[in-house]
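# Residue-level structural notes
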Amino acid sequence: MMIMSVLVNNSKCVKCAGCVSVCPKDALALKSEIVCDEKKCINCEICITFCPAGALRIKK
Amino acid sequence: MEIKESYDVIIVGAGPAGSSTAKTCAELGLDVVVFDRNNEVGAPKRCGEGISFNALKRLDLDIPQKCIAQAIDGAYAYAPDGKEVKIQFEGTKGYVLERKVFDKWLCYQAAKSGAKIISKTPVTDLILEDGFVKGVVIDVHGQEKKVYSKIVVAADGVESMIMRKAGIRTNKSPTLVDSGYQYEMAGIDMRDPHMIELFFGNKIASRGYVWVFPKGEHEANVGIGISGAHKEKKAKEYLDDFIASHPGLAKGSIIEVNAGSIPVGGLMEDMVGNGIIGVGDAVNQVNAIHGGGIPEAITAGKLAAQSIKLCFDMNNFSKQVLSEYNKQWWELRGKHLKNVEKVRETVENMTDDNLNDLADVLNGEDLSDFAHGKNIMKLVKIAAKYKLKGVARKLGF
């Protein structure tokens, strides 16, 4: 089964949570770092497009 | 610090929206607590830090000197071809704030009025019972604790997790939030350290602009907002390219990095539910053109507190009673902000040629009017003259 999730590059991430604000499935959350709930993520890539820092990519 | 089992009102987030709601609730005699997840109120900032004298006057806020980084006289706006429009008159004067100090000062006022503010305490969930929000779950140094209340106020900013957990969609479609990146820079040279500079053009910032907000003679917030749906290039990349091509900025230092989403639309008709009410960025209360949200947040907080008090007077915490806030807010701010949103939609669809044409025919006063949702008919007429398609329809004519 394909994993639905995004990977965060913490060297680039500013922890602004912009991705959290645009996620249509509430799959992302800002804890001590950005975390993605694989059960909710649908790989729509909206967060990846949005991220001002280019810190997100699809987990393959 | 002792956290009680229950309060009249729980507020999530100690930004301007949260502290304003807290202050007014406390003044109205309610037992109110504010939880903020960060170690420090006001940090990290996600903001250009500008506020106008007009807004301060409207809010009746007499801010102390320590909150002010720089006095501002006006702005230069640059069209893609470099043509400039100077926007400088009474209505464009204001300050660039020191948000970390300003947000704390707002909390001081709330605390003085009797509100309790507790930082480093994230709200992780809502307590929902019988279709009502009845409180929150907080993380107290690694331990979960339930705290009950009659009303929960979602003042948790643009992420807006609290409204969403209550089942209220806050509609942050990527076309309605800009992707923002900002450096606080030092050791730079600016044209005039008392003038904001705004740079437009789709090569500089796709469907957005670069801003320079001076914080001192050689210091400024230099930032960018682009469409949240833009795929080709990241906000950070646009900003880095812009700085590299401006020697006065390129020679400087970066002393802080900020980023975030900037709501530029999505005003909500309905911002309440049973036992819950949203204020500030959490419910997209911003000026869609300049992205300013501080005055909106403070105004909404005061209105929200009035409606919350009404609930306690009637001993009814339903959506129906809280809806008074929707009515009041739309009357006082919503209608006006809706006009600003229409102008925004128009401008963001313009090509660089359109923007150059506009810079030819508009003066600073026009631009300021448009940014405040005024004199929209003039924009319609200009659009017709330059055959800008769909503008009149977008503006509702």
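Treat the numbers as computed from the prediction; the structure is a model and nothing was measured. Residue numbers run consecutively from 1 along every chain, following the written order of its sequence. Written order decides the labels, with chains lettered from A and ligands numbered from 1. Given that the model is predicted, a residue must reach a pLDDT of at least 70 before its local features are reported, and side-chain atom pairs must reach 80 or more before they are shown or counted; all residues, however, enter totals for whole chains, interfaces and linings. Excluded from the side-chain calculations are hydrogens and water; all other atoms, namely the structure's heavy atoms, are used.

## Some details on the packing of aromatic side chains
What characterises a pair of aromatic rings is the spacing of the ring centres plus the angle enclosed by the ring planes. All names here are of chain B. Two aromatic rings from Phe, Tyr or Trp, using only the six-membered ring of Trp, form a pair when their centres are within 6.5 Å; if the ring planes differ by under 30 degrees the pair is stacked, by over 60 it is edge-to-face, and anything between is tilted. With the rule as written, the count across this model stands at nine aromatic pairs over all chains. Plain terms: the ring middles of Y76 and Y78 are 6.4 Å apart, the flat faces sit at 25° to each other, and that makes the pair stacked. Comparing Y76 with Y78, the two get one shared label, buried. Here the aromatic rings of Y78 and F199 are separated by 4.7 Å at their centres, their planes lie at 25°, and the arrangement is stacked. Here the residue Y78 occupies a position in strand 5 (residues 74-78), and F199 occupies one in strand 13 (residues 195-200), the gap between them amounting to 121 residues. Accessibility classification places Y78 together with F199 in one group, the buried group. Here the aromatic cluster, defined as three or more aromatic residues joined through ring pairs, consists of Y76, Y78, F199 and F242. Distance and angle both matter: a charge sits over a ring if NZ of Lys or CZ of Arg is within 6 Å of the ring centre and within 35 degrees of the ring normal. The ring centre of Y76 lies 3.6 Å from the NZ or CZ of R191, which sits over that ring. With a 1.4 Å probe rolled over the protein chains alone, any residue whose accessible area is under 20% of its type maximum counts as buried; one over 50% counts as exposed, and the rest are partly exposed. Helix and strand labels come from DSSP, where a helix needs a run of H or I of at least four residues and a strand needs a run of E of at least two; each type is numbered from the N terminus.

## Quick look at the sheet that holds strand 3 (residues 50-52) of chain B
Residue and element names in this part refer to chain B. Paired strands, in this sense, are two strands between which DSSP finds at least two bridges. Reading across the sheet, the three strands line up as 3-7-4 and stay open at both edges, with antiparallel pairing between neighbours. At either margin of the open sheet sits one strand with a lone partner, and together these are strand 3 and strand 4 (68-72). For this sheet, the mean angle separating the axes of adjacent strands, direction not counted, is 25°. Pairing geometry for strand 4 and strand 7 (residues 94-97), over four bridges, is antiparallel. Counterpart to A71 in the pairing with strand 7 is Y95. Orientation is described by axes fitted as lines to C-alpha atoms, over the contacting stretch for helices, and by angles from 0 to 180 degrees between their N-to-C directions.

## Details of the sheet that holds strand 12 (residues 177-186) of chain B
Residues and elements named next belong to chain B. Spatially, the seven strands line up as an open sheet ordered 6-5-13-14-15-12-16, and their pairing is mixed. Two strands bound the open sheet, and with one partner strand each, they are strand 6 (84-87) and strand 16 (253-263). Taking the axes of each pair of neighbouring strands and ignoring which way they run, one obtains an average angle of 15° across the sheet. Sheet topology note: the strand 5/strand 13 ladder contains five bridges and is parallel. Residue pairing in the sheet places A75 in a bridge with I196 of strand 13. Note on contacts: a residue pair is in contact if any heavy atoms of the two residues lie within 4.5 Å. Where helix 5 (residues 235-244) meets the sheet, its contacts fall on strand 12, strand 13, strand 14 (209-214) and strand 15 (219-227), and the angle it forms with strand 12 comes to roughly 40°.

## Digging into a positive patch on the surface
Residues K31, K39 and K40 of chain A together with K165 of chain B make up a contiguous surface patch of positive charge. Note that K31 of chain A resides in the loop between strand 2 (28-30) and strand 3 (34-36). Note on patches: the residues involved have over 30% relative accessible area and no salt bridge, like charges join within 9 Å, and the nonpolar side chains Val, Leu, Ile, Met, Phe, Trp and Tyr join within 5 Å. Accessible surface area values rest on a Shrake-Rupley calculation with a 1.4 Å probe, where residue burial reflects the displayed protein chains alone. Salt bridges, as used here, are contacts in which a Lys or Arg side-chain nitrogen is within 4 Å of a carboxyl oxygen on Asp or Glu. Residues counted as positive are Lys and Arg, residues counted as negative are Asp and Glu, and His and the chain ends are not counted. Every charge is mapped to an atom, namely NZ of Lys, CZ of Arg, CG of Asp or CD of Glu.

## Section: the interface of chain B and chain A
One frequently used descriptor of interface size is the decrease in accessible area upon assembly of the parts. Contact with chain B, which involves 26 residues of that partner, is made by 20 residues of chain A. Between chain B and chain A, a total of about 1700 Å² is buried, with carbon and sulfur atoms accounting for 57% of that surface. The interface formed by chain B and chain A contains two salt bridges. Residues R164 of chain B and D26 of chain A are paired through a salt bridge, measuring 2.4 Å at the closest nitrogen-oxygen approach. Contacts described as polar in this section are N or O atom pairs within 3.5 Å, which, within protein, must combine one atom able to donate a hydrogen with one able to accept it, while residues neighboring in sequence count only if both atoms come from side chains. Taken together, the links from chain B to chain A amount to ten residue pairs in polar contact (both at pLDDT 80 or more). For the side of chain B that touches chain A, the secondary structure elements donating two or more residues are helix 4 (161-165), strand 12, helix 5 and strand 16 of chain B. In terms of residue class, the side of chain B that touches chain A is built from nine nonpolar, seven polar and ten charged. We define buried area as the total accessible area lost by two parts upon association, computed with a 1.4 Å probe and summed across both. Asp, Glu, Lys and Arg are counted as charged, while Ala, Val, Leu, Ile, Met, Phe, Trp, Tyr, Cys and Pro are counted as nonpolar; the rest, among them Gly, fall into the polar class.

## Focus: the pattern of salt bridges
Within the structure shown, the criterion is met by 32 salt bridges over all chains. The partner of E38 of chain A in a salt bridge is K59 of chain A, and the shortest N-O contact between them spans 3.2 Å. Of this pair, E38 of chain A sits in the loop between strand 3 and helix 2 (46-50) while K59 of chain A sits in the segment after strand 4 (56-58), and the two are 21 residues apart along the sequence. In this structure K59 of chain A comes out as partly exposed when scored by relative accessible area, which is 28%. Members of the salt-bridge network, linked through shared partners, are K45, E49, E98, K100, E184, K215 and E256 of chain B.

## Quick notes on the confidence of the model for chain A
A residue's pLDDT is simply how confident the predictor is in it, with values from 0 to 100. Overall, the predicted model of chain A reaches an average pLDDT of 92, with 98% of residues at or above 70. Taken element by element, chain A is modelled with least confidence in strand 2 of chain A, mean pLDDT 92, and with most confidence in helix 2 of chain A, mean pLDDT 96.

## Side note on the nonpolar core
Membership of the largest hydrophobic core comes to 57 residues, with the highest contact counts inside it found for F35, V136, I277, I308, Y325 and W329 of chain B. Setting aside anything within four residues of it in sequence, one finds Y325 of chain B in contact with M271, V272, I277, G278, V279, Q285, A300, L303, A304 and S307 of chain B. Among the nonpolar cores identified, the runner-up in size contains 43 residues, and A27, C51 and I58 of chain A together with F242 of chain B belong to it. Throughout this description, the term nonpolar core refers to a set of buried Ala, Val, Leu, Ile, Met, Phe, Trp, Tyr and Cys residues connected via side-chain atoms within 4.5 Å.

## Details of the layout of surface pockets
Residues and elements named next belong to chain B. Here the second largest pocket defines a volume of roughly 200 Å³. Around the second largest pocket sit 13 residues that line it, and K23, L61, L106, I298 and K302 are the ones nearest its centre. Of all the elements in the fold, those that place two or more residues in the lining of the second largest pocket are helix 1 (16-27), helix 3 (99-112) and helix 7 (294-314). Looking at which element gives the most residues to the lining of the second largest pocket, the answer is helix 1, with five residues. Considered class by class, the residues forming the lining of the second largest pocket number five nonpolar, four polar and four charged. We place a 1 Å grid over just the protein atoms. Points where a 1.4 Å probe fits but has no way out form a cavity, open points with protein on both sides within 12 Å along at least 5 of 7 lines form a pocket, and any residue with an atom within 4 Å of a point lines it. Grid points are joined across faces, edges and corners, and a volume is the space filled by probe spheres set on the points.

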